[in-house]
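# Coordinate inspection notes
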Amino acid sequence: MERRDFLRTGVLGSAVMGTGLLAHPARAADIPTRFERGVELAADLSKDETFWRDRRREFAPAPDFINLEYGYFCPAPLPVLQAEQKGSSEINARASYFMRREMRDELEATRSDLAEFAGVSPDEICITRNTTESMNIIIQGLDLEEGDEIVYSDQDYGSMVEALRQKQERFGVVLKQVSIPLHPKSDDDVVAAFEAGISPRTKALHVTHMVNLTGHILPVRKICDMAHAKGVEVIVDSAHAFAHVDYKVSDLNCDYLGTSLHKWLCSPVGLGMLYVKKDKIAKLWGLMGDTARDDDDIRKLERLGTRPYNHHRGLREAIRYHDAIGSAEKYERLRFLNTYWTSHFRDHDRVVLKTPEDPARHGAIANVGIRGSDAKSLGEFLYDRYSILTAPIQSHPVASGVRITPGLPTPLRHLDRLVEAIDAAAKVL
Ligand SMILES: Cc1ncc(COP(=O)(O)O)c(C=O)c1O
């Protein structure tokens, strides 16, 4: 099928067939192909406001506040919602017939689409509910002994640290925390930080691909190469990097990875992916028991019971939607949204940015603070005076600040308003 036809039957096709969502004017929009756009470079397209205005119309954000907290989850575009809702009606109509006779093939088809998108084999991934579930399947399932060590960082996500602590309490695994620099001069600074935590007892590194607190992208491939040379496995929390940074899971050469699909892939809420490198599957215990399958069958890890498979229909549409925009194009746009406003404050005497300036080290997310004031006060100021929703991070040892996360539907005028608001905050807080 031609890319153009694919887009018409995929993104636009489903867009025009739905019910309640049809009322939205964005339904008429198509996503032009690269040829139709007449813009060759992703960096040029990132500043093409006409193109992004049309994408914005494919979402339906509430008008009563400015959402600069797309980091919690990215809403699904209307074609994705439509596929999910239509799927719900169809699956309910077919009821147990679907579950008993059609669901398995459909699950395998979705697994294949997602695996192709991630650049790995369908026999290496499961569709889960989110990153938290995926990472717990990995962490709780690792076959470790008392005294074995796991290295993690001072900027990992709280739920993963809790999963690691449970592993420590239950099995006597030793946790070693390392500090990663907020503004590294080179990849080596970050690799060296993880390397410093490794001892002869180290079995695994736990690495956050894009730090949720600051938006910092860590050089995962280099960390994996260093760790593997010492016989250490690497577990990657890619909650924020997947479908945000332009990469394939196979590029990382990690051993295990978890991500959420409702973050940057804009799938329906409640979907995640678990990746386990083929030769590591046999040794990993399931969180849900399944002894019936072969030890090296990834499906042994997803005995998850009855699930909302209409979400999977939305997921397949989300993959088509992402591909229609292009990974490089989306990443460039998200980076541009970051630098559009952060560049105002890089040399400011009171405004502090805890996100690296180097474009290779950030995407959409940034962390901002006012020297001498706290994150809660700034977050409240932005919301109460300017209706800007953000994520204040209060009392973190190294990354306190207000997290600002624009998303695909963010217009530049929202960021202009943010700049005005931070300027005002720096005068009064
Ligand atoms: C780095 C990181 N890991 C894991 C998660 C958890 O994601 P979820 O709630 O979708 O499981 C988040 C959520 O923001 C995160 O930022």
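Residues numbered from 1 in each chain as written. Predicted model: local features only at pLDDT ≥ 70, side-chain atom pairs only at ≥ 80, totals over all residues.

Right, let's talk about the domain arrangement of the protein for a bit. Here the domain parsing of the protein yields domain 1 (90-317) and domain 2 (330-428). In this structure, domain 1 and domain 2 have C-alpha centres spaced 29 Å apart. Each side of the interface is counted separately: domain 1 has 14 residues, and domain 2 has 18 residues. Its residues assigned to classes, the side of domain 1 that touches domain 2 shows five nonpolar, seven polar and two charged. (Domains from an automatic or database assignment. Contact = placed C-beta atoms within 7 Å. Nonpolar A, V, L, I, M, F, W, Y, C, P; charged D, E, K, R; others polar.)

In the vicinity of the ligand, the contacting residues are Asn 130, Thr 131, Thr 132, Tyr 157, Ser 159, Thr 208, Asn 212, Asp 237, Ala 239, His 240 and Ser 260. Grouping the constituent residues of the shell around the ligand by class yields two nonpolar, eight polar and one charged. (Near = placed C-beta within 6 Å.)

Strands in a sheet are paired, the pairing made by backbone hydrogen bonds, and the direction either parallel or antiparallel. The strand order across the open sheet built from four strands is E9-E10-E13-E12, with neighbouring strands paired in antiparallel fashion. With one partner strand each, in any of the chains shown, strand E9 (351-353) and strand E12 (391-393) form the two edges of the open sheet. Averaged over all pairs of adjacent strands, the angle between strand axes in this sheet comes to 30°, irrespective of strand direction. Pairing of E9 with strand E10 (residues 366-370) involves three bridges; the strand directions are antiparallel. When the sheet's bridge partners are listed, Val 352 is paired in E10 with Gly 369. Its contacts with the sheet place helix H13 (residues 375-386) against E10, E12 and strand E13 (401-404), and it is angled at close to 165° to E12. (Pairing = 2+ DSSP bridges. Helix = DSSP H or I, 4+ residues; strand = E, 2+ residues; numbered from the N terminus. Axes fitted to C-alpha atoms, helices over the stretch in contact; angles between N-to-C directions.)

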